[in-house]
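Listed below are the residues making up each chain.
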Amino acid sequence: MSNKPKFAMYWAASCGGCEIAVLNIHEKILDVDANFDVVFWPVAMDAKYKDVEEMEDKSILLTLFNGSMRNDENEKIAHLMRRKSQILVSFGSCATEGCVPGLANLFPVNEIMDVAFHTVTTDNPNNILPQTSFEVPEGTLHLPTMNSRVKTLAQVVDVDYYMPGCPPESHQIAAVVDLVIQVLQGKAQLPPKGSVIGAGNSTVCDECPRARNVKMIKAFHRIQEVAPLDPTLCILEQGVPCNGPATRSGCNARCPRVGAQCIGCYGPAEGVLDYGARLVTAFASVVDAKEPAEIESILDGIPDPTGQFYRFNLADSLMRASTSNWKKNGH
Amino acid sequence: MSEQFEPVIVGFTCNWCSYRAADTAGTARVKYAPNVRLIRLMCSGRLDPTFVMKALAGGADGVLITGCHPGDCHYIEQNYKALRRFLLLRRTLAGLGVEPGRIKLIWASAAEGLKLAHEINQFVEEVRALGPLNWPKWNDQPAEIDAVKEVA
Ligand code: SF4
Ligand code: SF4
Ligand code: SF4
């Protein structure tokens, strides 16, 4: 065993995209290998939870933890990695704010199970459902139990740094890897605990090259309904919902640059307490009407404001879940 | 003895008109329900939807927003801004299961103490009819349920 600092990466309720983003740092990954001993990384190497349990506490220098807290296994490993790591990074939107899995907080868990196992697209004539424990001749088998709601990593354990993005941009990951290596070599210092790393301090709008003219609109449209968009003007001011005004900078306005609206994957900008509330203000400010009836008819153009404003952030919002979730599940 | 549910309502009022209207109502000894805790803003246009969410998530059963009549805003157009925010916020909260009837926008000039008192009383009754909201305190350690078993 070498005495290089130890590195780990874990996925809880995640899609795998965050892992791909790390591999996407190309030859920088060799720096990770040169400077760290990779001791636990389920997507890249074979390792068992038991191996991690046997490590000394705080023996892993850096753990990148992606994925949200969907079930009790996710939480158990969150506690384990917290105990074993000196630096625990909440990596990506799922870990940091719940991301798309967090939208499950709009429904009770049993409804989610119904959709997954009982709807017409599922061939399940005997209504077989996953059981959390099952007797076999060799003993009892256990499956993780779903939480009543999706939580963020920081709602379960203490987190040192947050790295937003779905997934974080590879150039930002490379910069963070560089920083940690410089810290190891005594050439740089870590930012204060609790900092957001690998991102900017302003909004996507600030990095967006499109011109804003404080133009008000008479209707909202879906992006495919307004082809072609003017490539030089603000997308929101062309009537297409764009979440840039509330979203943290760091991606270099990747989506608006190529003609797509920002859907908000970098999460709330610095100082924004509730992401959706900030977007309510931003969207309301472009509506060109004074009469309630006309305003309402313009707002009809945003058929699902809750989904539009909380696609990534519901689990970390002030409200966190809908009544249909917590009234049914308890909380 | 069955006790009547007393809703907790947070009211955000504009300094220039409705806060004074509430004041007028108070000085004229017009009674309005004690359920409303008024918070004074310089203008209804200052109303950040975050305040409303904080109030509801923090235990309020309803939120009242008051501003000057359209056209009468001390800062010219800000109350229209409040109206647009209010309408979009109400839709957003509906998606989270908050009944639209729990949030109300009332216009009242400084002279309309009586009207404001009447509308407040009416709103209190409307929220009372909806019952408690009781939004969970998320800081508490959540008691997880074995949901999969419950389904099975
Ligand atoms: S943040 Fe995005 S890319 Fe990363 S695991 Fe979640 S869904 Fe996948
Ligand atoms: S709203 Fe969207 S398109 Fe407009 S400036 Fe902001 S990021 Fe760019
Ligand atoms: S523009 Fe918005 S959605 Fe696109 S990568 Fe950036 S933050 Fe994410």
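Along each chain, numbering runs from 1 in the same order as the chain's sequence is written. Note on labels: chains are lettered from A, ligands numbered from 1, in written order. Residue-level local features of this predicted model are given only where pLDDT is at least 70; pairs of side-chain atoms are given and counted only at 80 or more, and the full residue set underlies all totals for whole chains, interfaces and linings. Side-chain descriptors were evaluated using all non-hydrogen atoms of the structure, hydrogens and water having been removed beforehand.

Visitor: Please clarify how the environment of Gly194 of chain A should be interpreted in this entry.
Guide: Residues and elements named next belong to chain A. Tracing the backbone through its elements, the reader meets Gly194 in the loop between helix H7 (170-184) and helix H8 (204-207). Among the residues examined, Gly194 registers a relative accessible area of 38% and is labelled partly exposed. In sequence terms Gly194 and Ala289 are 95 residues apart; their C-alpha atoms lie 42 Å from each other. In this text, helices come from DSSP runs of H or I with a minimum length of four residues, and strands from runs of E with a minimum of two, each type numbered from the N-terminal end. A simple rule labels every residue: compare its accessible area, found with a 1.4 Å probe on the protein chains alone, to the largest value its type can have, and call it buried under 20%, exposed over 50%, or partly exposed in between.

Visitor: Explanation requested: the site of ligand 2 in the structure shown.
Guide: The near set for a molecule or strand comprises every residue that places at least one heavy atom within 4 Å of it. Around ligand 2, the neighbouring residues are Val204, Cys205, Cys208, Arg210, Arg212, Cys234, Ile235, Leu236, Cys242, Gly244, Pro245 and Pro256 of chain A. When the residues that make up the shell around ligand 2 are grouped by side-chain class, the tally is nine nonpolar, one polar and two charged. Here the nonpolar group is Ala, Val, Leu, Ile, Met, Phe, Trp, Tyr, Cys and Pro; Asp, Glu, Lys and Arg are the charged ones; every other residue, Gly included, is treated as polar.

Visitor: In this structure, what is going on with the domain arrangement of chain A? I would like to understand it.
Guide: For interface size, the figure often reported is the accessible area lost on association. Residue and element names in this part refer to chain A. Each domain's limits were defined by an automated method or a database of domain assignments. Assigned domains within chain A: domain 1 (6-101 + 150-184), domain 2 (106-147) and domain 3 (204-300). With centres defined by C-alpha atoms, the gap from domain 1 to domain 3 works out at 32 Å. Taken together, the 10 residues of domain 1 in the interface contact nine residues of domain 3. In this description, buried area is defined as the sum, over both parts, of the accessible area (probe of 1.4 Å) that is lost when the two are combined. Buried surface at the junction of domain 1 and domain 3, summed over both partners, amounts to about 630 Å²; 48% is from carbon and sulfur atoms. Contact with domain 3 buries area across many residues of domain 1, yet Glu97, Pro164 and Glu169 alone supply 63% of it, more than any other trio. For this analysis, a salt bridge means a side-chain nitrogen from Lys or Arg found within 4 Å of a carboxyl oxygen belonging to Asp or Glu. Where domain 1 touches domain 3, the interface holds one salt bridge. Its salt-bridge partner being Glu169, residue Arg254 comes within 2.8 Å of it at the nearest N-O pair. Here a polar contact is taken to be a pair of N or O atoms separated by no more than 3.5 Å, where protein atoms must pair a possible hydrogen donor with a possible acceptor and residues adjacent in sequence count only if both atoms sit in side chains. Applying the counting criterion to the domain 1 and domain 3 interface returns four residue pairs in polar contact (both at pLDDT 80 or more). Listing elements by their share of the side of domain 1 that touches domain 3, those giving two or more residues are helix H5 (92-97) and H7. In this description, contact between two residues means that some pair of their heavy atoms is separated by no more than 4.5 Å.

Visitor: Even after reading the chapter, I still don't get the site of ligand 3, so can you show me in this structure?
Guide: The environment of ligand 3 is made up of Val204, Thr247, Cys251, Arg254, Cys255, Pro256, Cys262, Ile263, Gly264, Cys265 and Tyr266 of chain A. Looking at side-chain class alone, the shell around ligand 3 contains eight nonpolar, two polar and one charged residues.

Visitor: Please clarify how the interface of chain A and chain B should be interpreted in this entry.
Guide: With 47 residues of chain A in contact, the opposing surface of chain B contributes 39 residues. Taken over both partners, the interface formed by chain A and chain B buries close to 4100 Å², and the fraction arising from carbon and sulfur atoms is 67%. Summed over the shared surface of chain A and chain B, the result is three salt bridges. Measuring nitrogen to oxygen at the nearest pair gives 3.5 Å for the salt bridge that ties Arg90 of chain B to Glu296 of chain A. At the level of secondary structure, the elements contributing two or more residues to the side of chain A that touches chain B comprise helix H6 (109-118), strand E8 (146-151), helix H10 (275-284), helix H11 (292-299), helix H12 (305-310) and helix H13 (323-329) of chain A.

Visitor: Please explain the packing of helix H2 (residues 28-35) of chain A against H7 of chain A as it appears in this structure.
Guide: A pair of packed helices can be characterised by two numbers: the angle between their axes and the separation between those axes. All names here are of chain A. Two elements in contact, H2 and H7, have axes whose closest approach is 10 Å; the angle formed by their N-to-C orientations is 25°. Here H2 is positioned roughly parallel relative to H7, judged by the angle of their axes. Between H2 and H7 the crossing geometry is left-handed. Contacts between H2 and H7 pair Lys28, Asp31, Val32 and Asn35 from the former with Ala174, Val177, Asp178 and Ile181 from the latter. Axes here mean lines fitted to C-alpha atoms, for a helix over just the part in contact, with angles spanning 0 to 180 degrees between N-to-C directions. Working definition: roughly parallel below 35 degrees, roughly antiparallel above 145 degrees, roughly perpendicular at 65 to 115 degrees, and oblique for all remaining angles. Rotating anticlockwise by less than a right angle from the far helix to the near helix defines a left-handed crossing, while the corresponding clockwise rotation defines a right-handed one.

Visitor: I keep staring at the nonpolar core and nothing clicks. Help me out?
Guide: Inside soluble globular proteins, nonpolar side chains tend to come together where they are buried. The biggest cluster of nonpolar side chains holds 63 residues, and the ones touching the most others in it are Phe220, Phe283 and Met319 of chain A together with Val52, Leu93 and Trp135 of chain B. Look past the residues within four positions of Met319 of chain A in its chain and what remains in contact with it is Met53, Leu56, Ala57, Leu93, Leu96, Val98, Trp135 and Trp138 of chain B. Nonpolar core, defined: a set of buried Ala, Val, Leu, Ile, Met, Phe, Trp, Tyr and Cys residues in which side-chain atoms within 4.5 Å join the residues together.

Visitor: Which parts of the structure should I look at to understand the pairing of E8 of chain A?
Guide: Sheet faces and side chains relate simply in a regular strand, where the side chains alternate between the two faces. All names here are of chain A. Judged by how many residues are buried, E8 sits mostly within the fold: six of six residues are covered. Strand pairing is defined by DSSP finding a minimum of two bridges between the two strands. For strand E4 (residues 69-71) and E8, the ladder comprises two bridges, and the chain directions are antiparallel. Note on E8: the bridge partner recorded for Asn71 is Met146.

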